[in-house]
Structures are given as C-alpha cells and as structure tokens.
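Fold and geometry: a report
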Amino acid sequence: MARNKPLNLYRNIGIIAHIDAGKTTTTERVLYYTGKKHQIIDVHDTKDGKGSTTTDYMEQERKRGITIQSAAVTAEWKGHQINVIDTPGHVDFTIEVNRSLRVLDGAVVVFDGVAGVEPQTETNWRLADQYNVPRVCYVNKMDRIGASFAHCVKGIRERLNAPALLCQIPLGSSDEFIGMADLVANVAYIWASDDKDSTWETVSFEEARARLKFGSTVDNDWIDQLPKLREEMIETALAMDDDAFGHLIETGEHDPAKLKECIRKGCVTGKLVPVFCGSSYKNKGVQQLLDAVVDYMPYPGENGGISIVDEDGNIIGEQEVRDDAPARALAFKVINDQFGTLTFCRIYSGVIKKGDTLQNVTRGKKERVGRIVEVQANATKEIDEVRAGDICAFVSMKDTETGDSLSDPAHPALLERMRFPDPVISVSVEPKTRGDVDKMSTALYKMVKADPSLRMEVDQETGQTVLKGMGELHLEITIDRMRTELGVEANMGKPKVSFREAFGKAVEHTYTHKKQTGGTGQFAEVKIIFEPGESGSGVVFSDEVVGGRIPREFIPAVEQAITKESRQGQVAGYQVLDFKARLIDGKYHDVDSSALAFEIATRACFREAQKMSKPKLLEPVMKLEVVTEATYLGDVIGDMNRRRGSITEQGQKGTNAFVQGFVPLAEMFGYINFLRSATSGRGNFTMIFDHYEEVPASMVDKLMEKEAK
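Every value quoted in this text rests on a predicted model; they were computed, and no experiment measured them.

**Focus: the overall build of the protein**
Along the protein, the regular secondary structure elements total 18 helices and 38 strands. The C-alpha atoms of the protein give 28 Å as radius of gyration, which agrees with the globular expectation for 709 residues (27 Å, within 12%). Along the three orthogonal principal directions, the C-alpha set of the protein runs to about 100 × 65 × 65 Å. Per-residue burial for the protein yields a buried fraction of 56% across its 709 residues. Contacts spanning at least 24 positions in sequence make up 70% of the contacts within the protein whose residues lie at least 6 apart.

**A closer look at the packing of aromatic side chains**
Counted under the stated rule, the structure contains 17 aromatic pairs. Measuring from centroid to centroid gives 5.2 Å for phenylalanine 503 and phenylalanine 579, while their planes differ by 55°, and the two rings are tilted. With phenylalanine 503 in the loop between strand E30 (500–502) and strand E31 (507–515) and phenylalanine 579 in strand E34 (residues 579–587), this residue pair connects regions lying 76 residues apart in the sequence. Here phenylalanine 503 and phenylalanine 579 have matching classes, each one buried. Here a set of aromatic residues connected by ring pairs shows up, and it is made of Phe503, Phe530, Phe579 and Phe606. Lying over the aromatic face of tyrosine 348, arginine 346 brings its terminal NZ or CZ to 4.6 Å of the ring centre.

**Some thoughts on the side chain of asparagine 12**
Mapped onto the secondary structure, asparagine 12 falls in strand E1 (residues 10–17). The buried category is assigned to asparagine 12, whose relative accessible area is 0%.

**Section: the pairing of strand E37 (residues 656–664)**
For E37, a buried count of seven out of nine residues is recorded, marking the element as mostly surrounded by other parts of the structure. Both strand E36 (residues 646–653) and E37 contribute to a ladder of seven bridges, which runs antiparallel. The residue bridging isoleucine 647 from the neighbouring strand is glycine 661, located in E37. A loop of two residues connects E36 with E37, the two strands running antiparallel in sequence, and glycine 654 in this loop sits at a positive phi of about 65°.

**A few points about the pairing of strand E18 (residues 365–368)**
In this sheet, E18 lies alongside strand E17 (residues 357–360) in antiparallel orientation, the contact comprising four bridges. Bridging from a neighbouring strand, leucine 358 pairs with glutamate 367 of E18. The turn joining E17 and E18, which pair antiparallel and follow one another in sequence, is formed by four residues; a positive phi near 65° is taken by glycine 364.

**Quick word on the pattern of salt bridges**
Pairs can form between side chains of opposite charge whenever their charged atoms are close. Evaluation of the coordinates by the stated rule reveals 45 salt bridges. The salt bridge partner of lysine 527 is glutamate 508, with a shortest N-O separation of 3.5 Å. Within this pair, whereas lysine 527 is found in strand E32 (residues 522–532), its partner glutamate 508 is found in strand E31, the two being separated by 19 residues in sequence. A salt bridge links arginine 549 to aspartate 585, with the nearest nitrogen and oxygen atoms 3.1 Å apart. You can see arginine 549 sitting in the loop between strand E33 (539–543) and helix H14 (555–565) and its partner aspartate 585 sitting in strand E34, a full 36 residues away along the chain. By relative accessible area, aspartate 585 is classed as partly exposed at 22%. Taken together, the shared-partner salt bridges connect Lys564, Glu565, Glu599, Arg603 and Arg607 into one network.

**Things to note about the sheet that holds E33**
Read from one edge to the other, the open sheet built from four strands follows the order E31-E32-E34-E33, with strand pairing classed as mixed. This sheet does not close on itself; its edge strands, each paired only once, are E31 and E33. This sheet shows a mean twist of 25° between the axes of neighbouring strands, independent of strand direction. Relative to E34, E33 is paired through five bridges, and the arrangement is parallel. Each residue of the ladder has a partner; that of valine 539, found in E34, is phenylalanine 579. H14 contacts E32, E33 and E34 of the sheet and is inclined by roughly 160° relative to E33. This element, helix H15 (residues 595–612), spans E31, E32 and E34 of the sheet and lies at about 35° to E32.

**A short note on the packing of helix H16 (residues 633–642) against helix H17 (residues 671–678)**
Relative to each other, H16 and H17 sit at 155°, their axes nearing to 10 Å. Comparing the axis directions of H16 and H17 gives the class roughly antiparallel. You can see that H16 and H17 cross each other, and the crossing is right-handed. Listed contacts from H17 to Asp635, Val636 and Asp639 of H16 are Tyr671, Phe674, Leu675 and Ala678. Here the contact of H16 with H17 is built from residues that sort into five nonpolar, no polar and two charged.

**Looking at the nonpolar core**
By size, the foremost hydrophobic cluster in this structure holds 111 residues, and its most contacted members are Leu101, Val108, Phe111, Phe149, Leu166 and Ile169. If sequence neighbours within four positions are ignored, phenylalanine 111 has contacts with Ala21, Gly116, Val117, Thr121, Trp125, Cys137, Tyr138, Val139, Asn140, Cys152, Ile156 and Leu160. Membership of the second largest hydrophobic core comes to 40 residues, among which are Met447, Phe499, Met622 and Leu675.

**Some thoughts on the confidence of the model for the protein**
A residue-level look at the protein finds 91% of positions with pLDDT of 70 or above and a mean pLDDT of 86. Note that pLDDT drops below 50 for residues 44–58; the model gives that stretch 48 contacts with residues more than four away or on any other chain. In the predicted structure, residues 60–68 sits below a pLDDT of 50 and forms 42 contacts with residues beyond four places in sequence or in another chain.

**Looking at helix H11 (residues 286–296)**
Burial runs high along H11: nine of the 11 residues are buried. Listed as buried for H11 are Val286, Gln287, Gln288, Leu289, Leu290, Ala292, Val293, Val294 and Tyr296.

**Concerning the state of the cysteines**
Note: disulfide means a covalent bond formed between the sulfur atoms of two cysteine side chains. Taken as a whole and assessed by the stated rule, the structure comprises zero disulfides. Free of any disulfide, cysteine 392 has its nearest cysteine sulfur in cysteine 345, 5.8 Å distant. For cysteine 392, a relative accessible area of 2% translates into the label buried.

Quick notes on the rules
- Residues numbered from 1 in each chain as written.
- Predicted model: local features only at pLDDT ≥ 70, side-chain atom pairs only at ≥ 80, totals over all residues.
- Heavy atoms only, no water.
- Helix = DSSP H or I, 4+ residues; strand = E, 2+ residues; numbered from the N terminus.
- Rg over C-alpha atoms; globule rule 2.2 N^0.38 Å.
- Buried < 20%, exposed > 50% of the residue type's maximum accessible area, 1.4 Å probe, protein only.
- Contact = heavy atoms within 4.5 Å.
- Phe/Tyr/Trp six-rings, centres within 6.5 Å; stacked < 30°, edge-to-face > 60°.
- Lys NZ or Arg CZ within 6 Å of the ring centre and 35° of its normal.
- Pairing = 2+ DSSP bridges.
- Salt bridge = Lys/Arg side-chain N within 4 Å of Asp/Glu carboxyl O.
- Axes fitted to C-alpha atoms, helices over the stretch in contact; angles between N-to-C directions.
- Parallel < 35°, antiparallel > 145°, perpendicular 65-115°, else oblique.
- Left-handed = near helix turned anticlockwise from the far one by under 90°.
- Nonpolar A, V, L, I, M, F, W, Y, C, P; charged D, E, K, R; others polar.
- Core = buried A, V, L, I, M, F, W, Y, C linked by side-chain atoms within 4.5 Å.
- pLDDT = per-residue confidence, 0-100.
- Disulfide = S-S within 2.5 Å.

This is the structure we're talking about:
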C-alpha cells in the first residue's frame, strides 16, 4: 500500500515547558482548532474528577491538575499531519520529556508570560540541545497581570543562550491583551473577543498604531517599534542565505517566500529560534502557532536521521528516514494497563505491517507485531501498517523495553538510545496484606519496566523491597498508579536519600591474595593507585602494568572487580563515584594464579585503599526556586539557610518575588508543608537535582542516624 501523505507533510512535535506554563491548555486548543474535538475542557475544571482534558486522562492527573505521563495525539492542519506529544512540566517526570524529545523532530517550548524562563524550562532546553531538536518558543499567558514579553525574551536569550528571532509582538498585555503583530506577514491580528470561536481582524501596522492606545507605556512602545523590529527580524533571517542577504543590502527589498524559507532553514539547523506569543486560555494565537509549526518545524528526516551505534554506544553510522530501507524503529515508551502492554515506537525507516516479525536488537530476541494502533491519548485506533516518520504503538510485545531497537531481522541495527538520570530518593514498599507479596512484586516490575527512572531492588540484609525514583511525588504517584491501573494496594515507607561516596585523597596500595589448601592454591598480587576524579568523570580504569608482571588475560578481572566493588563503599555502603584506578604493578604464579584470584585481590585492595583515603560521603544537592509574594521572602530565605542551603539569586517575577539557591535533598522532605504555612498557601517551589556535594564531617553521623530510622 502506498504512502497516504508525502513525508514533508508530517510534523512530529512535542510541547514542553515548566509546570503550569500552559502546555495541556495549548494542546486542548490545538485539538479544538484542528477539528479533533468539539469541546474544550480546562485543566482547573478537572479536579472534581468528572471531566478530563484529552491528554491528562489519568486519575492522578485530574486530581492534581498536572501532567504526569506524556500523551500522544494526532491532528490535521492545512493538509499537514501533526503528531503532538504533551509532556509533563514537573521535575519528577523529566524522564517523560527525555524520551519524548529523543524521537521527536521539533518542539514547541511554552513559557509563562509572567514567570518567564523557569528552572524546568532550563532542564528541558538542555535535553533538547542534547538531542539536537529544533524549537519554536511560545510566550503564553500574555493576558495575566504582570505578563512581560520583554522579560521573557530576555530570559530566552540570556538564561537559555538561544538565538531568539522575534516573529510576533504582543498587542497589549494583562487584561488589555487583544492580539499580536506578525513581523513576518507585516500585519497585526486583533481579536474580537475571548470566545473560543472568536474571529480576528487583520490590519496593517500603521492602522494598528493609529487605533491602539494602551494604559501601559511598555505596550505602547512595542507598537511604536514595530517597523524597526521587523527590519531587524528580516536582516537576521535573511543572513541564513548569502544571495538573499546580498539582494537586501543592494536593493532594500526581499521576497516574502524567501524570508519564510530562511526562517525555516535557521529553525531546522538550530541557528534561529522563532518566538511567538498568545494566550491559549483566552483562545488567542493558537492558530498562528499551528501555522508556525507547519511553516518552520522540520518534517521527519529533514534534520537528519538517527545514529546507529555499536554495543558500546559508539556511533558507527546514520539511518536516514526513508520508506525504501530496512525496517528500523526505536521503542521510547511502554505502558502497562489491564488490557495489556502498549509499546510506543518511532519508525525511522522502512514499512512495518501487522503480522511482521521484528528483531529486538538490544535484547537479541524476536518480537511478532500482532496489532498496530494509532494512539489518541487514552483511545486507540487499529491500523494495518506504519512507515518511516510515523509514531505508533505495538500491542502486547513481550520483551521490548524503553530504549530498545527493533529491526528487520535480515538487517539488524542498534539505534542510539536515550540517556536516563539516576534516582535520587528511595522508599521501602510493602503489600497491604501478606497474601499480596507476589502481586506487588509483579506490579512493581511492570511499573519499573515502563519507567526507566524507577529502580527496584531487594535489600539483602532486611529483605525489604526498595523503590528508587526522582522525587517524593514520583514515588507517591507510582504507588497510586499500581492501585488504580493494576489493582494492587501497597504501603510506602519513609523516603530515604541516595547518598554516594568518594575517595578523599590519592592512595597507592598493594594487596596480596594467597591461599593454600593442598593441591592447586590461589595467588595474586595487585598494586593500584586510586585517585579522586573530577565531578561527573565516573569510574576510570587504566592498565599501566609493564613487562608482563600481570598476564594480559587477568587484566579484565581486575577492571571488573573495581567496577563491582565501587557499587558499595566503606563509609556507609553507598556507591563510590568519580575516581581513577591505575593498575601499576603486581605478581602472579604460573600455577596458582587465576582470574578469580586477581578479582579477590583487587576487591580487597579497593576496600582497604578507600578506608585509607579518608573517604567522603556525598549527598544530592538540589537547585531550588521559590516564587511567592515579597512579604514572605524573608521567612523563606531564613528557612533555606536553616536547611544548609545557599542563596544564588533573588529578584522579581511579575508581581511576585523569587529566590534561587542550592539545598541538600536530605533537608527538603515535607518542604511543601512549611511553604504552605509560611506563605499562606501563596508560594510554590521547583526542585531539580543539580550535583553531589561532600557532607560536612560534623553532619555525617547525624545524617546516617536519621537514615537508619
């Protein structure tokens, strides 16, 4: 069967932002204006549990009014098929943004017009940089009191270091926001009302300047500057094409079609980030944003394909997005529910049909494609085949997990997978009744398989089941979802911090392992220098043995032993981070030496050397931002200092004040209760893991005591 729509009429985009910037509200409007739904449901109308927005359909999302898991929807706009993924803005669910960005061709970054660039926006922006995803910016909530387009654009340029290209300028702000000036089309759009079906009037800049007078000087200044801003935008955009820019310099004229082409080229290559504005809640600007997605966002493969890697993750080639190539797909998400498993995949090349057999190259297993579905949030529609550029879900795949590569068995290829953060917090989990132990283990396994930022392990000493995740809310919602989706009730213990350890200083140590019990014995001697490394450098092993003092076949056993032993340090049994182990000498015996003997010697050498180095205990330190009324700022800062925090910045965000700083995670449990009480419920905060830092010596015993309780 031939392709229904040419590849250049597809757009795979994500909507990403900080929590409460308006992603889900924008997605609802996109679905309404593209004719996919006939009624708009607002996020604040879902907390009674009676209704839900299309993409926030889970019970936990309706209750809290936040997005927890990314949801895919498909819409049509001006002959283009737009696959949209609405992602969460809460830091605990960054994993959802991570895996969505890995498979998307472009992203719409939504900003709160009052708050501007917020911490989670910075995290998401870095992820988009990591995966080389082209972006457009949409400054939302221009109707709110305190909205400042200038503040937002300044943040985009300075805090995100983005080459922002102003394509729209707001007409008015706060309750005077009535539309926007389109610098590319050289016209202004003025809305008749806030109604979802309201029309807008298209007028020239001159007419807009003559008609519009706002109460704010800043808003009037924007209108006065329109000709100058348009000129700057044209020059910046046409600089993408030498001939077009030369023509502009010589004649002062340009071709409007060429201008759009240059903006698109800049956007696709990441050299420009077009900026738009509006108010999704007041139904202004969403249609123009859809036009921008069609005009400036890349189609699948326009920005290159996906890297093909070897087993060690080294890039060895690239898979282009084409139908006439072997079938290759990346599984980016797994959902388990009472009806089975849905494996979300992005098809990079070839055609996959119902009944085909694919090779899971990551796990070396075959998977049969029983059913293929197109997903519309929580609804599915069966389809017979998918092609390069499509996003779909395969039903009931047995062995495929997030990040796995699926290929034509005759042409296997490993695709570059996404990188996931390590958990920073853990809780013990136990079933409500003794008879539910097996059910709970199965449910936890399913949750961990679906969410790579979760880890589950059994504590060998206590026998407790331990669940690790990205934050208190993340773990709390995981347990709640086990109840609602899988029918398993479980109790959650007190949260615990995932500490780490490090070498305090460089140590050179020799260890000899000798065992003689009659017959063949065991002998191995290793001399290793352990040195503290830079933060984030990981475990580095270097073989510096000369003259065959240790035979080559035993070196891998030494490296493996160091890696294994580093998982449990000597201060309190936590993983040891960031060190270099240099194997410089050793001895062996022709008969008694073996890989096992060298492994035993190395493990003992590591343990003794770490103790001798005056080891350090490291704790996760979070980047904290609190936004509240200025009246309460003193109490908030005082409390941050009491929690061993350090202040890095404070200032104004619209009508509110904010403070940023770093605080150890161990001091932040239950922080929301303090903040509500101290700010009369008016404050909110964002916490993002930033780095590990040494625990002050005076605090080590106190913290370990607290953790043991």
